[in-house]
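Remarks on the overall topology
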Amino acid sequence: MTSQATDRVTDAAERLREGSQIVDLKDFSRADLRRLLKEAFNEPGFRGDQLFQWLYVHRAEAFDDMTNLSKSLRAKLQDKARISPLEFKDTHESPDGTTKLTFGCDGGGVVETVYIPAEGRNTLCISSQVGCALGCTFCYTAKMGLTRHLKTAEIVDQVVQARRLMTERNGHIGNIVFMGMGEPLHNVDNVINAIHVLLDEDGLNFSRRKITVSTSGMVPAIRRLGEETDVQLAISLNATTDKTRSEIMPINDRWGLDELMEALREFPLDNRERITFEYVLLKDVNDTLDDAQRIIDLTRDIPSKINLIPFNPHPRTPFKTPSEERMAAFTKYLSDRNVSVYRRRTRGQEEMAACGQLGKPGEKEPPHVRRKLAKFRDDQAANA
Ligand code: SAH
Ligand code: SF4
């Protein structure tokens with residue numbers, strides 16, 4: 001356990017005793033909850049386990065439901081602790097069953113979570129931030145800029161509430177992808193804490209094989225994720241030269257392709273599946289067969305698979321989806337060369353629930369996104 005975790009628990013125990021500020025119970029792992037109740041109220045360790053079970057196995061919504069906790073403990077928690085930091089607002093269901101869930105959070109922001117049904121394999125796509133700071137030019141969320149990081153409890157609660165809202169009608173949710181709003185590795189502390197809660201066998205009990213963190217390539221945090229968790233990693237590659245990648249993903253100016261690929265070659269894979277490379281196909285930007293060949297060259301010595309994602313359009317974007325023939329040729333080029341390549345089906349577009357369509361941008365995008373987009377439009381015009 002890190003000293004940072006120790007401080008977090010001790011701080012929260014003080015708050016529980018003194019009631020200065022509400023404590024979010026879903027911020028804590030099971031071990032932390034045991035300590036929290038011990039430090040705050042001198043309760044034996046197993047009370048923490050019981051509370052953890054109420055939160056994640058029974059998905060309790062009120063302290064009164066927690067019948068094996070004493071009345072006095074329930075009363076103390078009632079005053080000073082919170083079960084759910086997110087307030088469910090509504091659902092938007094696309095004809096293919098993909099359903100966007102929206103939640104209100106502290107400060108007035110909206111958190112979006114997407115439930116994606118599939119035969120025997122329902123997936124929940126969760127958000128790690130309100131908005132995103134990284135400014136990828138093709139991404140709708142980028143246009144919001146970053147409002148704030150989500151807390152651990154706000155990440156975990158998306159899963160608990162989605163299980164409650166969706167499971168009975170639609171079946172078990174067994175897969176989690178951090179591919180909603182935000183860059184998970186920009187909020188790496190909370191994402192790692194949340195992963196530890198999701199994996200606990202006495203709680204939500206997700207398999208490490210069924211949790212995937214997707215990143216645009218924040219290299220130091222990739223290393224931390226590798227050291228501190230054993231979940232799966234997906235990298236949004238999206239371009240095969242530094243020039244193009246920097247044009248569409250500003251983060252590439254900070255960590256270029258060489259540095260990114262080196263970090264991936266060093267990523268501990270012993271306990272993991274392959275690394276997934278996501279590649280959003282953008283018409284006339286990254287969709288040539290030379291690009292396909294460069295994907296092979298870049299990923300050659302990394303156990304990997306490639307997920308091709310047709311660009312999902314959104315309002316006011318200059319980007320287009322390549323033609324079906326072009327995407328098919330791109331896919332075939334890779335599969336003919338024995339690359340594990342998958343074409344991701346576009347899901348939930350009707351409700352703006354597809355990849356890169358989440359969020360509620362204001363009228364104007366943030367300046368860093370506006371500058372990059374203006375340059376892209378100029379280049380398009382010059383090449384026309
Ligand atoms: N910030 C993380 C995770 C959220 S984005 C990341 O970038 O990896 C999830 C995926 O959606 C990324 O692979 C991203 O490249 C892709 N994406 C963003 N906008 C898109 C769009 N308009 N159409 C298709 N995919 C998009
Ligand atoms: Fe952020 Fe990912 Fe969108 Fe880039 S693609 S702006 S990193 S959410």
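This one's a predicted model, so the numbers in the text were calculated from it and none came from an experiment. (Residues numbered from 1 in each chain as written. Chains lettered and ligands numbered in written order. Predicted model: local features only at pLDDT ≥ 70, side-chain atom pairs only at ≥ 80, totals over all residues.)

**Quick word on the site of ligand 2**
Around ligand 2, 12 residues are found, and the nearest of them are Cys132, Cys136, Cys139, Ala142 and Ser216. When its residues are assigned to classes, the shell around ligand 2 shows 5 nonpolar, 6 polar and 1 charged. (Near = placed C-beta within 6 Å. Nonpolar A, V, L, I, M, F, W, Y, C, P; charged D, E, K, R; others polar.)

**A word on the pairing of strand E9 (residues 173–178)**
Alignment of strand E6 (residues 122–125) against E9, held across 4 bridges, turns out to be parallel. The residue bridging cysteine 125 from the neighbouring strand is valine 177, located in E9. The β-α-β motif built from E9, the intervening helix H6 (residues 188–199) and the parallel element strand E10 (residues 211–215) has right-handed crossover chirality. (Pairing = 2+ DSSP bridges. Helix = DSSP H or I, 4+ residues; strand = E, 2+ residues; numbered from the N terminus. Right-handed = clockwise from strand over helix to strand, strands pointing away.)

**Let's talk about the sheet that holds E9**
One open sheet holds the 10 strands; their spatial order is E3-E4-E5-E6-E9-E10-E11-E12-E13-E14, and the pairing between them is mixed. At either end of the open sheet lies a strand with only one pairing partner, and these are strand E3 (87–93) and strand E14 (341–343). Between one strand axis and the next, the sheet turns through 25° on average, direction left out of account. (Axes fitted to C-alpha atoms, helices over the stretch in contact; angles between N-to-C directions.)

**Structural notes on unusual backbone geometry**
The backbone of aspartate 284 shows a phi angle near 65°, a positive value even though the residue is not glycine. For aspartate 284, the position within the fold is in the loop between strand E12 (275–281) and helix H10 (289–299). The phi dihedral of arginine 316 falls on the positive side, at around 60°, and the residue is not glycine. Within the secondary structure, arginine 316 sits in the loop between strand E13 (304–310) and helix H11 (324–336).

**Considerations on the packing of H10 against H11**
The contact between H10 and H11 brings their axes to 9 Å, and the two run at 35°. For the crossing formed where H10 meets H11, the hand is right-handed. Two secondary-structure elements touch here, H10 through Leu289, Ala292 and Ile295 and H11 through Ala329, Phe330, Tyr333 and Leu334. The residue makeup of the contact of H10 with H11, split by class, is 7 nonpolar, no polar and no charged. (Left-handed = near helix turned anticlockwise from the far one by under 90°. Contact = placed C-beta atoms within 7 Å.)

**A look at the domain arrangement of the chain**
The domains assigned to the chain are domain 1 (3–82) and domain 2 (87–383). Facing 11 residues of domain 1, the contacting portion of domain 2 comprises 14 residues. Counting residues per element, the side of domain 1 that touches domain 2 draws most heavily on helix H3 (residues 45–56), which supplies 4 residues. Tallied by class, residues from the side of domain 1 that touches domain 2 come to 3 nonpolar, 2 polar and 6 charged. (Domains from an automatic or database assignment.)

**A closer look at the environment of threonine 141**
When you line up the elements, threonine 141 lands in the loop between strand E7 (129–131) and strand E8 (146–149). Threonine 141 gets classed as buried once you count the C-beta atoms within 10 Å, which come to 27. C-alpha of threonine 141 to C-alpha of glycine 359: the two residues are 218 residues apart in sequence and 5.2 Å apart in space. (Buried ≥ 20, exposed ≤ 12 C-beta atoms within 10 Å, placed from the backbone.)

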